[in-house]
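So the chains spell out like this:
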Amino acid sequence: MIVIICAECSRAPFGVTASGYFRCDHCGKEITTRDLVLDSGEVWAVDSAGTLGYFLPAA
């Protein structure tokens, strides 16, 4: 999985919150899955630690 880093601060990944949003571990910026811009075939995912990321399409 490729971790999605916050575009606001460029310092930390997003972690899932109880509200269903994803919050930057550094600056606190919150996003939803609707805010993600992924290329065709890429899919978002959350790992066991609650970190937001994505997978590339299979070759």
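For the structure, check the block above.
The numbers attached to residues start from 1 for each chain and follow its sequence in the written order. Only residues with pLDDT of 70 or above have their local features reported here, since the model is predicted, and side-chain atom pairs are shown and tallied only from 80 upward, although totals for entire chains, interfaces and linings are computed over all residues. Water and hydrogen atoms were dropped before computing side-chain values, which therefore reflect all heavy atoms in the structure.

Participant: I'd like a description of the sheet that holds strand β6 (residues 52–55), backed by residues and values.
Facilitator: Reading across from one edge, β1-β6-β5 is the order of the 3 strands in this open sheet, with antiparallel pairing throughout. Looking at strand neighbours, the two that pair on one side only are β1 (2–3) and β5 (43–46), the edges of this open sheet. In short, DSSP must find at least two bridges between two strands for them to pair. Here a strand is any run of E in DSSP of at least two residues, a helix any run of H or I of at least four, and the numbering for each starts at the N terminus.

Participant: Describe the sheet that holds strand β3 (residues 22–24), naming the residues involved and giving the relevant values.
Facilitator: Read from one edge of the open sheet, 3 strands run β2-β3-β4, paired in antiparallel fashion. The sheet is open, and its two borders are formed by β2 (14–16) and β4 (30–31), each paired with just one other strand. Pairing geometry for β2 and β3, over 3 bridges, is antiparallel. Paired with valine 16 across the two strands is phenylalanine 22, which belongs to β3.

Participant: Break down the pattern of salt bridges for me, citing the residues and quoting the values.
Facilitator: Throughout this description, the term salt bridge denotes a Lys or Arg side-chain nitrogen within 4 Å of a carboxyl oxygen of Asp or Glu. Within this structure, the stated rule accounts for 1 salt bridge. For glutamate 30, the salt bridge identified is with arginine 23, shortest N-O distance 2.4 Å.

Participant: Lay out the packing of aromatic side chains in plain terms, naming residues and giving numbers.
Facilitator: Centres within 6.5 Å are what make two rings of Phe, Tyr or Trp a pair, Trp counting through its six-membered ring; a difference in plane orientation under 30 degrees is then read as stacked, over 60 as edge-to-face, and the rest as tilted. Per the counting criterion, the structure on display carries 1 aromatic pair. Geometrically, the ring pair formed by phenylalanine 22 and tryptophan 44 is edge-to-face, given 6.1 Å between the ring centres and 75° between the ring planes. In this pair, phenylalanine 22 sits in strand β3 while tryptophan 44 sits in strand β5, placing the two residues 22 residues apart along the sequence. Each residue's exposure class comes from its accessible area (1.4 Å probe, protein chains only) as a fraction of the maximum for that residue type: buried when under 20%, exposed when over 50%, partly exposed otherwise. Look at phenylalanine 22 and you get buried, because its relative accessible area is 4%.

Participant: Give me the side chain of glutamate 42: which residues, what numbers.
Facilitator: Inspection of the secondary structure assignment puts glutamate 42 in the loop between β4 and β5. The buried charged residue glutamate 42 lacks any salt bridge partner; its closest oppositely charged side chain belongs to arginine 34, at an N-O distance of 18 Å. Note on contacts: a residue pair qualifies if any of its non-hydrogen atoms lie within 4.5 Å across the two residues. Ignoring any residue separated from it by four or fewer positions in sequence, one finds glutamate 42 in contact with Tyr54, Phe55, Leu56 and Pro57. Counting rule for charge: Lys and Arg are taken as positive, Asp and Glu as negative, and neither His nor the chain ends is counted.

Participant: Tell me what's going on with a nonpolar patch on the surface, and back it up with residues and numbers.
Facilitator: Grouping into patches uses exposed residues only, defined as over 30% relative accessible area, and leaves out salt-bridged ones; the cut-off is 9 Å for like charges and 5 Å for nonpolar side chains (Val, Leu, Ile, Met, Phe, Trp, Tyr). For the area figures, the Shrake-Rupley method with a 1.4 Å probe applies, and any residue is considered shielded solely by the protein chains shown. A surface patch of nonpolar side chains, amounting to about 410 Å² of accessible area, comprises Met1, Val3, Ile5, Val43 and Phe55. In this structure, methionine 1 sits in the segment before β1.

Participant: Please set out unusual backbone geometry residue by residue, giving values where relevant.
Facilitator: Phi is positive for serine 10, close to 55°, though the residue is something other than glycine. Within the secondary structure, serine 10 sits in the loop between β1 and β2. The exposed category is assigned to serine 10, whose relative accessible area is 56%.

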